[in-house]
Amino acid sequence: MPALTEDNVRPLWRRPEFGDRPEVAARLHRTVGSAYMNLGSQEVSAFHHAAADSLHAARGDRASDEALANTLALAELAQKQERVAEADSLLGLVAEHEATAGPRVRALHGLL
């Protein structure tokens with residue numbers, strides 16, 4: 001599979017139909033990323049989860065259920081790729097919001 005770059009993959013947030021709805025594009029990227037993770041394609045999954053993370057960051061939205069579910073997915077990818085420090089850091093971000101968002105986030109990520 002060729003490397004994923006913005007030259008050969010058009011991110012969802014660049015599509016005109018999602019230009020004014022970054023939260024929809026972020027959710028779609030997370031969903032597509034999760035599908036590829038389940039298929040074992042970590043590179044494609046990472047691309048989509050990173051895109052969702054960028055969209056959440058651009059909106060200043062790091063603590064919503066959707067953003068935290070995506071952060072959990074990024075942590076899972078980091079664990080699978082044996083990037084332990086990165087996984088721990090990402091899980092720490094989620095843990096900061098555990099009391100208010102924990103059960104909903106785990107449900108969104110499919111952990112319940």
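Since we're looking at a predicted model, the values are computed, not measured. (Residues numbered from 1 in each chain as written. Predicted model: local features only at pLDDT ≥ 70, side-chain atom pairs only at ≥ 80, totals over all residues. Heavy atoms only, no water.)

A. Fine view of the pattern of salt bridges. Under the criterion given, the structure shown has seven salt bridges. Of the charged contacts in the structure, one is a salt bridge between Arg21 and Glu23, with a shortest N-O distance of 2.9 Å. The exposure class of Glu23 is partly exposed, given its relative accessible area of 32%. The closest approach of N and O atoms between Glu66 and Arg27, which form a salt bridge, is 2.9 Å. (Salt bridge = Lys/Arg side-chain N within 4 Å of Asp/Glu carboxyl O. Buried < 20%, exposed > 50% of the residue type's maximum accessible area, 1.4 Å probe, protein only.)

B. Local environment of the packing of helix α3 (residues 65-80) against helix α4 (residues 84-95). Look at α3 against α4: their axes get within 8 Å of each other, and the N-to-C directions meet at 160°. Comparing their axes, α4 and α3 come out roughly antiparallel. Judged by the twist between their axes, the crossing of α3 over α4 is left-handed. Facing Leu68, Thr71, Leu72, Leu74, Ala75, Ala78 and Gln79 of α3, the residues of α4 in contact are Glu86, Ala87, Leu90, Leu91, Leu93 and Val94. Class assignment of the residues belonging to the contact of α3 with α4 gives a composition of 10 nonpolar, two polar and one charged. (Axes fitted to C-alpha atoms, helices over the stretch in contact; angles between N-to-C directions. Helix = DSSP H or I, 4+ residues; strand = E, 2+ residues; numbered from the N terminus. Parallel < 35°, antiparallel > 145°, perpendicular 65-115°, else oblique. Left-handed = near helix turned anticlockwise from the far one by under 90°. Contact = heavy atoms within 4.5 Å. Nonpolar A, V, L, I, M, F, W, Y, C, P; charged D, E, K, R; others polar.)

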